[in-house]
Amino acid sequence: MSQYLVLIYGDENAIGNGGPAVWEQLHKDHVVFGQANETAIAGGNALQSSETATSVRPDGADGFIVTDGPFVETKEVLGGYYLIEAANLDAAIAVAKQVPMPFGGVEVRPIQVLADM
């Protein structure tokens, strides 16, 4: 089995403007997804809003620039992830298609296994 990271992107404003009913439904949908795919899910979490993000970049002079906010300005932001185990990319995509994502989409990325670590 290989591992894949399913990155969940969405429009925070659409979710935030939907009120408690949207949050409750989204939570319920993720619980159902988790139950239906419990054998594939190796981990996962929701992330706090992009307002809480801190970006760290090298400054080119052996130091770093630390700024408030996400790495880039976009309409859709990373909202959470699932770490899944699947036989191949097609199987991982089949699981990813089930992730609740009413205001965005997901990205599926294979986990690279580094032998030296």
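Look above for the structure.
I will try to describe carefully the structure that is included in this document. Position labels on residues start from 1 in each chain and follow its written sequence. Selection of residues for local features in this predicted model requires a pLDDT of at least 70, selection of side-chain atom pairs for listing and counting requires 80 or more, and totals for whole chains, interfaces and linings are taken over all residues. Derived side-chain values reflect all non-hydrogen atoms in the structure, with water molecules and hydrogen atoms excluded from consideration.

### Considerations on the sheet that holds strand β6 (residues 104-110)
Here four strands make up an open sheet; going across it, the order is β2-β5-β1-β6 and the pairing antiparallel. A strand with exactly one partner marks an edge of an open sheet, and here the two such strands are β2 (41-46) and β6. Across the sheet, the mean angle from the axis of one strand to that of its neighbour is 15 degrees, orientation sign disregarded. Whether two strands pair comes down to DSSP finding at least two bridges between them. Strands here are runs of E lasting at least two residues and helices are runs of H or I lasting at least four, both read from the DSSP assignment and numbered beginning at the N terminus. Examined bridge by bridge, strand β1 (residues 2-10) and strand β5 (residues 77-86) share nine bridges and lie antiparallel to one another. Looking across to β5, one finds that V6 is bridged to Y82. Here an angle of 0 to 180 degrees is reported between the N-to-C directions of two axes, which are lines fitted to C-alpha atoms, with helices fitted over the stretch in contact.

### Some words on the pairing of β5
Of the pairings in the sheet, the one linking β2 to β5 comprises five bridges and is antiparallel in character. Bridged to G44 within β5 is Y82.

Structural measurements only, silent on function.
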